[in-house]
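Per-entry structural report
Each chain, letter by letter, is given below.
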Amino acid sequence: AEYNIELAEQPTRIDDLRGLKLVTDSVPITVEADESANSLEEVVHLVNERIVDAVSLKIPKLGGLRNTIAAARICEAGAIKYRLGAAVGSCLLAAHGMHLAAALPGVDYACELAEHARLLNDPFEGMPIEKGFARLPKGDGVGVRPVKKAKGKTLAAAE
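A quick note: this is a predicted structure, and the numbers were derived from the prediction, not measured. (Residues numbered from 1 in each chain as written. Predicted model: local features only at pLDDT ≥ 70, side-chain atom pairs only at ≥ 80, totals over all residues. Heavy atoms only, no water.)

1. Topic: the pairing of strand β3 (residues 54-57)
In β3, alternate side chains face the same way, and those of A54 and S56 on one face and V55 and L57 on the other are all buried. Taken together, strand β2 (residues 30-33), helix α2 (residues 40-48) and β3 form a β-α-β motif whose crossover is right-handed. With four bridges connecting them, β3 and strand β4 (residues 81-84) associate as parallel partners. Bridge pairing in β4 places S56 opposite R83. (Buried < 20%, exposed > 50% of the residue type's maximum accessible area, 1.4 Å probe, protein only. Helix = DSSP H or I, 4+ residues; strand = E, 2+ residues; numbered from the N terminus. Right-handed = clockwise from strand over helix to strand, strands pointing away. Pairing = 2+ DSSP bridges.)

2. Topic: unusual backbone geometry
Trans peptide bonds make up most of the peptide bonds, and negative phi angles are found at most residues other than glycine. One non-glycine residue, Q10, lies in the positive phi region at around 45 degrees. Structurally, Q10 is set in the loop between β1 (7-9) and α1 (17-26). With a phi close to 55 degrees, K131 is a non-glycine residue in the positive phi region.

3. Digging into the packing of α2 against helix α4 (residues 65-77)
Interhelical geometry of α2 versus α4 gives an angle of 10 degrees and a closest axis separation of 10 Å. When the axes of α2 and α4 are compared, the pair comes out roughly parallel. Between α2, through L40, V43, V44 and V47, and α4, the contact on the second element is made entirely by N67, A70, A71, I74 and C75. Split into classes, the residues belonging to the contact of α2 with α4 amount to eight nonpolar, one polar and no charged. (Axes fitted to C-alpha atoms, helices over the stretch in contact; angles between N-to-C directions. Parallel < 35°, antiparallel > 145°, perpendicular 65-115°, else oblique. Contact = heavy atoms within 4.5 Å. Nonpolar A, V, L, I, M, F, W, Y, C, P; charged D, E, K, R; others polar.)

In structure tokens form, the structure reads like this:
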């Protein structure tokens, strides 16, 4: 706390929920479940038992947009913070996450929505990172599009 740390993400083993609650109850820093929030059932348990202060929601891990929205609503009902956590994948996944983060009223904390920048040969384009920022894509659908192909080869945006 003296170093102004804002968030401690998953400070215990995945299955050590007693330890996670102990940390949450013992420190003034926001404690977030990440790997311990792999399903709606786990999110319900984390919230009902007030095991953490926050939950990192990941679209693929929770089974898609519908379940992620449900998990957010569960957190909201229990007064638990939430954000969209890192989900390594294409910018198509990142664009869905960004649109979801923009639509959910409880997202007021930094989200991890730029993991696609680390992907080589992303099959989608349209969500560049500029000066450390990703902007909400505009356009049809979620605003990204497949990379154009030439002679059967997928071209990466950087090529």
